[in-house]
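Letter by letter, the chains look like this.
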Amino acid sequence: MGPVRRLSLVPDEVQGRMREREAGALRVAIASQDMKELNAHFGSAKRFVIYDVTREEWKLVEAVAFDDVSDESGEHRAEGDDRITPKVEALKGCHLLFCLAIGGPSAAKLVSAKIHPIKVRQPQSIQQVLLHTQMMLRTSPPPWLRKVLAEAGVAEKKRSFEDE
């Protein structure tokens, strides 16, 4: 697999591999061909756009680009090339990954890296994905998301009757 290119916003000082996650934020990766929409399968994604998402806002963390990708059918150009591991390594630190499709071996590697893959049925704008993520955070998150939030240290402390 060719080199991995990273585009990130650098505030005041030179950053390392990936900026520290904002406190209380969920780190979300979105598979994209054009950095405008969620419109790629995991294996064929040329780019992953990574955001920190809270209930109130989202911030672009970085975009990761790959030269050597699979086609949409899942077929690889050259046998023996591992295209999954470099992508999983590049996404380490993310909590959720949104994509159009993902194969079983790829999903298993993501889950073992503590990244929860989410398949979306149709392409949609990145803004729609981020708004949907915020809505899940603001309302009662589903059980799988509560588990992700707890592992990420984002879950809010439950109030007890003694706090009243």
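Position labels on residues start from 1 in each chain and follow its written sequence. The predicted origin of the model limits local features to residues at a pLDDT of at least 70 and limits the giving and counting of side-chain atom pairs to 80 or more, whereas totals for whole chains, interfaces and linings rest on all residues. Hydrogens and waters are ignored; side-chain quantities use all the structure's heavy atoms.

Engineer: Any details on the pairing of strand β7 (residues 116-119)? Residues and values, ideally.
Structural biologist: Strand pairing follows a simple DSSP-based rule, namely that at least 2 bridges must link the two strands. Elements are defined by DSSP. Helices are runs of H or I of four residues or more, strands are runs of E of two residues or more, and each kind is numbered from the N terminus. The sheet contact formed by strand β6 (residues 96-99) and β7 spans four bridges and is parallel. When the bridges of β7 are listed, Leu-97 appears paired with Pro-117.

Engineer: Tell me what's going on with unusual backbone geometry, and back it up with residues and numbers.
Structural biologist: Trans is the prevailing form of peptide bonds, just as negative phi is the prevailing case for residues other than glycine. Even without being a glycine, Met-35 presents a positive backbone phi close to 65 degrees. Mapped onto the fold, Met-35 is located in the loop between β2 (26-32) and β3 (37-38). Exposure categories follow from relative accessible area, calculated using a 1.4 Å probe and restricted to protein chains: below 20% of the type maximum is buried, above 50% is exposed, and the middle band is partly exposed. Its relative accessible area of 32% is what places Met-35 among the partly exposed residues. Look at Lys-114: it is not a glycine, yet its phi comes out positive at around 65 degrees. Tracing the chain through its elements places Lys-114 in the loop between α2 (104-112) and β7. Classification of Lys-114 as exposed rests on a relative accessible area of 60%.

Engineer: Residues and numbers for the packing of aromatic side chains, please.
Structural biologist: A pair of Phe, Tyr and Trp rings is counted when the ring centres sit within 6.5 Å of each other, with Trp represented by its six-membered ring. The angle between the planes then sorts it: under 30 degrees is stacked, over 60 is edge-to-face, the rest tilted. Within the structure shown, the criterion is met by two aromatic pairs. Geometrically, the ring pair formed by Phe-42 and Phe-48 is tilted, given 5.7 Å between the ring centres and 50 degrees between the ring planes. Here Phe-42 matches Phe-48 in class, with each residue buried. Both rings, one in Phe-48 and one in Phe-66, keep their centres 6.0 Å apart while their planes meet at 85 degrees; by these two values the pair is edge-to-face. Placement of the pair is Phe-48 in strand β4 (residues 47-53) and Phe-66 in strand β5 (residues 58-66), with a sequence separation of 18 residues. In this structure Phe-66 comes out as buried when scored by relative accessible area, which is 3%. By way of ring pairs, the aromatic residues Phe-42, Phe-48 and Phe-66 are connected into one cluster. Over a ring means this: the NZ of a Lys or the CZ of an Arg is within 6 Å of the ring centre and within 35 degrees of the ring normal. Residue placement shows Lys-87 over the ring face of Phe-42; its charged tip is 5.7 Å from the ring centre. Sitting over the ring of Phe-66, Lys-87 keeps its end group 5.4 Å from the ring centre.

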